[in-house]
Structures are given as C-alpha cells and as structure tokens.
Amino acid sequence: FSINAEYTGQIGADQVQAGATFGMEQGMFALNATAGMYQVMGSDLGFGVLVEPFVDMGSFNVLASFFMQDRGESGAAAAADIEDMYFYIEPGFPIDDISSFGVTVEYSDPSSDVEEDEVFSTWPTYYLTPADDVTFLMTVGYIQPLADGADNGYGYGLELQGSF
C-alpha cells in the first residue's frame, strides 16, 4: 500500500494558481487524482478536477479518466484548449510480454456553454513496449458528434513515448 501527495502554487503578475495531486496503490488497484484552481486577475475563479482509477488483474486491466473544469462566468481559462468535461474508460489486455491491446470509449463536452457540441468516440489501440520506458502506440478512431446532422469523423495516430 502506498500513498503520495503533492501541492503546488504560483502567484504571478496577473494570475494565481494552486493545485494538489494525490496517488495511491493497493494491490491491483491504483488511483490518481488532481485538483487545481486558477484566477486571472479581473476574472472569476476557475477550477479543474481529474480522477484516474486503474485496476490490473494481470490478464485484463481497466483504466478510466474523468476530467471537469469550470472556467468561471467570464470564461477565462488557464488551459482553454482542454474540454470542459470528458470521461473515458479503456479496458485492455496483454497479448504477450511486450504488446497489449485496449479500446478507449470516450464522451466529451468541449464547452459546457455550447449546446450540442458533445462527442462520443472509440479508439482501439495497440501498444508495443520493446524496452523499459519506451512505448509505441498505434490507434484508429471513430468519432460521432452527438449534434443532429453532424458528420462522423475518423482518425488515426502513431505515438512514441519515452522516459530518459
């Protein structure tokens, strides 16, 4: 069983930011959570919350993520390119010692102030980890806007992740 917590803060010429991160692991369960607030001078207080539970049962695992932010009445945001809310879940399973497969299912609301901009998407993903701290991802996706008459979308991606 392990728990870690971190706190950060910053005061700038025109903004104030503060946040806290919490993580814990117990057997096959893990949880990471982050909360933060920010205020740009002359605007309302904004906040964001991210919660990510993970369950690893060896031959099967599930990762989920929930994010929500409130930009305040004036709409000022520290990270304007991030959705106001999203939820996703990714069940996955290992194929062998260096590869695994998962399917992400996501609902997102880019702006809580805009009606009918919500999106549902699904992203099957293949993960290849040829060495410690190196992962290659290959994914394809189907994107379904929930607004009436909106066109479906498709996507693909290749990503290389590494830690040095």
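Everything below is about the structure printed above this text.
I will try to describe carefully the structure that is included in this document. A quick note: this is a predicted structure, and the numbers were derived from the prediction, not measured.

### Side note on the overall build of the protein chain
- Broken down by element type, the protein chain carries zero helices and ten strands.
- In the protein chain, the succession of α and β elements from N to C terminus is β-β-β-β-β-β-β-β-β-β.
- When each of the 164 residues of the protein chain is scored for burial, the buried share is 25%.
- The contacts of the protein chain with a sequence gap of at least 6 include a subset with a gap of at least 24, amounting to 31%.
- Looking at the protein chain as shown, the accessible area adds up to about 10400 Å², and 59% of this sits on carbon and sulfur atoms.

### A short note on a nonpolar patch on the surface
- A cluster of nonpolar side chains, contributed by Phe47, Val51, Phe66, Met68, Phe87, Ile89, Val105, Phe120 and Leu146, occupies part of the molecular surface with about 660 Å² of accessible area.
- Looking at where Val105 falls in the secondary structure, it is placed in strand β7 (residues 99–109).

### Quick word on unusual backbone geometry
- In the Ramachandran plot, Asp133 falls in the positive-phi region, its phi being about 65° despite a non-glycine side chain.
- Within the fold, Asp133 resides in the loop between β8 (119–131) and β9 (134–145).

### With respect to the packing of aromatic side chains
- Throughout the structure, instances matching the rule amount to four aromatic pairs.
- Ring geometry for Tyr86 versus Tyr88: centroids 6.1 Å apart, planes at 15°, classification stacked. The exposure classification of Tyr86 matches that of Tyr88, with both residues buried.
- Ring pairing ties together the aromatic residues Phe67, Tyr86 and Tyr88, which thus form one cluster.

### Topic: the pairing of strand β4 (residues 46–56)
- Sheet topology note: the strand β3 (residues 29–40)/β4 ladder contains ten bridges and is antiparallel. Across the sheet, Ala33 pairs through a bridge with Val51, a residue of β4.
- What sits between the antiparallel neighbours β3 and β4 is a turn of five residues, in which Gly42 has the positive phi angle 90°.
- Counted between consecutive antiparallel strands, the loop separating β4 from strand β5 (residues 61–70) contains four residues, among which Gly58 sits at a positive phi close to 85°.

### A short note on the pairing of β9
- Pairing between β8 and β9: nine bridges, direction antiparallel. When the sheet's bridge partners are listed, Ala131 is paired in β9 with Val134.
- The turn linking β8 back onto β9 is made up of two residues, and Asp133 within it adopts a positive phi angle of 65°.
- Across ten bridges, β9 lies against strand β10 (residues 153–162) in antiparallel orientation. Across the sheet, residue Phe136 finds its bridge partner in β10, namely Leu160.

### Some thoughts on the environment of Pro145
- Position of Pro145 relative to the elements: it lies in strand β9.
- Residue classification places Pro145 among the buried positions, given a relative accessible area of 18%.
- Separated by 38 residues in the primary sequence, Pro145 and Tyr107 have C-alpha atoms spaced 9.7 Å apart.
- Not counting residues within four places of it along the chain, the set of residues in contact with Pro145 comprises Glu118, Val119, Ala150, Asp151 and Asn152.

### Notes on the side chain of Asp117
- Examined against the element boundaries, Asp117 turns out to sit in the loop between β7 and β8.
- With relative accessibility at 16%, the residue Asp117 sits in the buried group.
- With sequence-adjacent residues up to four places away left out, Asp117 is seen in contact with Ser108, Asp109, Pro110 and Ser111.

Definitions and limits used
Residues numbered from 1 in each chain as written. Predicted model: local features only at pLDDT ≥ 70, side-chain atom pairs only at ≥ 80, totals over all residues. Heavy atoms only, no water. Helix = DSSP H or I, 4+ residues; strand = E, 2+ residues; numbered from the N terminus. Buried < 20%, exposed > 50% of the residue type's maximum accessible area, 1.4 Å probe, protein only. Contact = heavy atoms within 4.5 Å. Areas by Shrake-Rupley, 256 points an atom, 1.4 Å probe, with all protein chains shown as cover. Patch = residues over 30% accessible without salt bridge, like charges linked within 9 Å, V, L, I, M, F, W, Y side chains within 5 Å. Salt bridge = Lys/Arg side-chain N within 4 Å of Asp/Glu carboxyl O. Phe/Tyr/Trp six-rings, centres within 6.5 Å; stacked < 30°, edge-to-face > 60°. Pairing = 2+ DSSP bridges.

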